[in-house]
Amino acid sequence: MPGGRLTQQERQQIALGLADDLAYAEIARRLDRPTSTITREVMRNGGPTAYRADLAHRATEHRAHRRRPATPKGTQAPPQPYGRDAEAVRAYEEQFTTLLMSQGLPKMTASVLTCIFTTDTGSLTAAELVQRLQVSPASVSKAIAFLESQGLVRRERDERRRDRYFADADVWYQSMVAAARSNAEFAATAREGVRVLGADTPAAERLENIARFMDFVAESITRAAEQAREVLHTKSTP
C-alpha cells in the first residue's frame, strides 16, 4: 500500500467519491490507499457532508507547519512494554480513534477512550491522559465528563486518592442492548402507522413488514448480547 501524505488530486477524488455516495472502502480502493486513511482524512476535515478538498489540503499543510520539532535526545518516550513496536502502536491508536470518530464521538473524546482501552493497566488518571495526549487538562476534563455522562467510562479512587478512569467492558453489552431497544422502538412506531393508515392498505402492509423485521433484529441482538456477555470478562489463556 502506498504511503506518504495525500496529494491535492487524491483529495479531489475523495470529494468526488463522497459526492457520489461511495463508501470509504470503495474510495480507498480506487486510490489504492487503506480505508483507515480515507476515513481519517474525511473525519478530520468536516465529515462526509462538509468535506472540501481544497480546504482539507490547506488545513493539512497548516498542521504540518505547526508540528512540534523532534524531541531532543534524552527526553524521548520510554520504550513500549512487551517489546511492542512504538510506531505500530501509534498507528493503531490513530486507527482506533478514527473508528470511534466515525461512530460519532468528537476527536478528543475518541482519543481519551482509545488511550484507556489500549493501556495495560486498564485505567488512567487525568494527569496520565494529559501526558499521553499532550493536551490541556481542560480538554481531558471535558472529554471525561462526556464519556461519564454516556456511561462509557467509570471513575474510581486509587490508594493515593486520585481519580482513575476505567472503560468498563460491559459498555459493549450496554451498547448492544441500547441498539436493540432503539430497533424495538422503531418497530413500535412502524406498527402505529399500520393502525393510522389502515391495516388493509399497501402503506400499512409495508410498515408492518418493517415492524416485523425490526422486531426480529431487536430480539436477535438482545439474545446474542446475553449469550456473549461473559466473553467480555474472559481472560485469554496462553
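Coordinates for the structure precede this section.
Residues numbered from 1 in each chain as written. Predicted model: local features only at pLDDT ≥ 70, side-chain atom pairs only at ≥ 80, totals over all residues. Heavy atoms only, no water.

Considering the pairing of strand β3 (residues 163–166)
Of the pairings in the sheet, the one linking strand β1 (residues 123–125) to β3 comprises 3 bridges and is antiparallel in character. Bridge pairing in β3 links Leu-124 to Tyr-165. By the bridge criterion, 4 bridges tie strand β2 (residues 154–157) to β3 in an arrangement that is antiparallel. Residue Arg-157 lies in a different strand from β3, and its bridge partner there is Asp-163. (Pairing = 2+ DSSP bridges. Helix = DSSP H or I, 4+ residues; strand = E, 2+ residues; numbered from the N terminus.)

Quick word on the nonpolar core
Core analysis: the largest hydrophobic core is formed by 21 residues, its most contacted members being Val-112, Leu-113, Ile-116 and Leu-129. Contributions of two or more residues to this core are made by α5 (86–102), α6 (107–118), α7 (126–133) and α8 (137–149). With 5 residues, α6 is the single largest residue contributor to this core. The contacts of Ile-116, once residues within four sequence positions are left out, are Gly-122, Leu-124, Leu-129, Val-153, Tyr-165, Phe-166 and Ala-167. (Core = buried A, V, L, I, M, F, W, Y, C linked by side-chain atoms within 4.5 Å. Buried < 20%, exposed > 50% of the residue type's maximum accessible area, 1.4 Å probe, protein only. Contact = heavy atoms within 4.5 Å.)

Details of unusual backbone geometry
The phi torsion at Asp-32 lies on the positive side, around 55°, for a residue other than glycine. Looking at the element boundaries, Asp-32 is found in the loop between α2 (24–31) and α3 (35–44). On the accessibility criterion, Asp-32 (48% relative accessible area) is partly exposed.

Purely geometric numbers; function is a separate question.
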